[in-house]
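The chain contents come next:
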Amino acid sequence: MRERHAPPPPAAGKELIATELAAARARSLAYTDVEDDLLVRQHSPLMSPLVWDLAHVGNYEELWVLRAAGGITPLRPEIDDIYDAFKHPRKDRPSLPLLGPAEARRYISGVRGRVLDVLDAVDLEDPDPLRAGGFVFGLVVQHEHQHDETMLATLQLSGEPGLIRDGELPPGRAQEAGETRSEDEVFVRPGPFFMGTDALPWAYDNERPSHLVDLPGYWIDRWPVSNGDYLAFIADGGYDDPRWWRPEGWEWVRQKGIHAPLFWTRDGAEGDAGRHIGHRGNGGRRAAGGDGWWRRRFGRMEPVPLDEPVQHVSWYEADAYARWAGKRLPTEAEWEKACGGRRFPWGDADPRPDQANLGHRAARPAPVGAYPAGAGPYGAEQMIGDVWEWTSSWFQPYPGFRSFPYPEYSEVFFGETYRVLRGGSWATHPTAIRTTFRNWDYPIRRQIFAGFRCARAAG
Ligand SMILES: [Fe+2]
């Protein structure tokens, strides 16, 4: 049996906290450094206008750092209601009296100045659970990075070109002729492991407490399912065969006319991205990768790269693919155990650039096989970064769960409504991910940067 998480990293010092706060803010400001019109417009009913996210991160910081931890009187109590995510669904947010872009920037910068004063004065050894180890600062840093990732999803939905920085990533692994990547699996030995954490100071309530889970042996894919793998499912008529689908998933793809991941379109086909096809440079099947399929990525059309992990698929599509492949999605316990009971699959040290694709180094997942140095103890690669991975599990509390610091963080979402995603994506900041981190969403959601890998029972 593996030990519980190794000794916790030293609680974050004030300098590190200040650096993390600044990094999250730099990111939010970069993603909202666009024309005012793009900030106030609603690009999709699934998303808030970007200017809502911007002021909301400041309001959240005010509520938790200034008022709850710092005992400071409200700066703008009249706007609390507007930025309460529980009071107004995203589709209704454009009709609220939102702060304009300039006012939102002023507001969040005013809050931030006072947050740094609270940080200066706070005792990080204080036993108060909000202050201990700087938890409340970890809460707002991770929250801001999560909204930054949401902003990227909004910008992707907007279809506006030229707003998002791309970059270089390591190459993938060369594929041998006739080799199918999805057949490469690693074996995870039977036995108990400690799931969740008690030790990581910035972990959320839903990751706690650490508890023993005993699993039989199982196989899990070494890599996330690639676009090339997924195209084989499409080519085999996967979207037209009810055998592979849960009844409610089948009804949903029929009703919505879904035949491919979100943002994909086929040569000559009219689709979500069809209006942009005229701008592409060269023709269909002979383009690098693609197989006749194109995708719209931050406003540009490009051939679908066969060796990248598939993204923008719903849980229903992931589940159907797995059944077609003779496998299933891993449970979240199986996913986490394959990481070896460490903060990251490679150990407890912060991610290096050769271990995982995190923090928007480029605006896409890296090819399958790009991070052998990030492998876990059983050999699974790219568990962290690239794409969020759907698991078969509902979002449920661990045994002994205690809501902290408020029930609306996790508790109100528990049940059989949301499926758990693990591992973070290329758009996730390293501070906001670890092997115990749990994300959750509706099984129909496709705008998030999510893909999956498969598993199967041993024997
Ligand atoms: Fe939020």
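Calculation notes
- All chains use their own residue numbering, which begins from 1 and follows the written sequence.
- With the structure being a predicted model, the display of local features is reserved for residues of pLDDT at least 70 and the display and counting of side-chain atom pairs for 80 or more, all residues being used for whole-chain, interface and lining totals.
- Side-chain descriptors were evaluated using all non-hydrogen atoms of the structure, hydrogens and water having been removed beforehand.
- UniProt positions are given in the numbering used here, feature names are shortened, and annotations may be inferred rather than shown by experiment.
- Note that water is not among the atoms used; donors are N, O and S atoms within 2.8 Å of the metal (3.2 Å for Na, K and Ca), so sites may look incomplete.
- In this description a helix means any DSSP run of H or I spanning at least four residues, a strand means any run of E spanning at least two, and both kinds are numbered starting from the N terminus.
- Relative accessibility decides the category of a residue: with a 1.4 Å probe and only protein chains considered, values under 20% of the type maximum give buried, values over 50% give exposed, and everything between is partly exposed.
- Here, residues are in contact when the closest pair of their heavy atoms is within 4.5 Å.
- Note on terminology: disulfide denotes any pair of cysteine sulfur atoms within 2.5 Å.
- Within 3.5 Å is the distance limit for a polar contact, defined as a pair of N or O atoms, with the added protein rule that one can donate a hydrogen and the other accept it, and that residues adjacent in sequence qualify only through two side-chain atoms.

For the protein, an unreviewed UniProt entry supplies the name Hercynine oxygenase and the organism Microtetraspora fusca. In its Catalytic activity (unreviewed entry) section, the UniProt entry covering the protein states "gamma-L-glutamyl-L-cysteine + hercynine + O2 = gamma-L-glutamyl-hercynylcysteine S-oxide + H2O". Checking UniProt for the protein, the heading Function (unreviewed entry) contains the comment "Catalyzes the oxidative sulfurization of hercynine (N-alpha,N-alpha,N-alpha-trimethyl-L-histidine) into hercynyl-gamma-L-glutamyl-L-cysteine sulfoxide, a step in the biosynthesis pathway of ergothioneine."

With that settled, the discussion passes to the coordination of the iron ion. The protein atoms donating to the iron ion are His56 (NE2), His143 (NE2) and His147 (NE2), with metal-donor distances spanning 2.2 Å. Within one chain, the residues donating to the iron ion are spaced in sequence as H-x86-H-x3-H. Of the two residues, His143 and His147 both sit in helix 5 (residues 135-158), 4 residues apart, roughly one turn of that helix. The two residues His143 and His147 agree in class, both being buried.

This brings us to the environment of His360. Considering the arrangement of structural elements, one finds His360 in the loop between helix 9 (332-337) and strand 8 (388-394). His360 sits 26 residues away from Asp386 along the chain, and the two C-alpha atoms are 9.5 Å apart. The residues touching His360, leaving out its near neighbours within four places in the chain, are Arg27, Tyr31, Leu152, Ile164, Arg165, Trp426 and Ala427.

To continue, consider the state of the cysteines. Inspection of every chain in the model, using the stated rule, returns 0 disulfides. Left unpaired, Cys454 is separated from the closest cysteine sulfur, that of Cys339, by 16 Å.

Below, the discussion takes up the UniProt feature "binding site: gamma-L-glutamyl-L-cysteine" (unreviewed entry) in the protein. UniProt records the feature "binding site: gamma-L-glutamyl-L-cysteine" (unreviewed entry) for Arg90, Lys91, Asp92, Arg93, Asp441 and Arg445 in the present numbering. Those residues within four positions of Arg90 in sequence are excluded, and the remaining contacts are Gln42, Pro45, Leu46, Met47, Ser48, Thr150 and Gln447. Looking at Arg90, its side chain comes within polar contact range of the main-chain oxygen of Leu46, at 3.1 Å. Among the structural elements, Arg445 can be located in the loop between strand 10 (439-441) and strand 11 (450-451). Residue classification places Arg445 among the buried residues on the basis of a relative accessible area of 19%.

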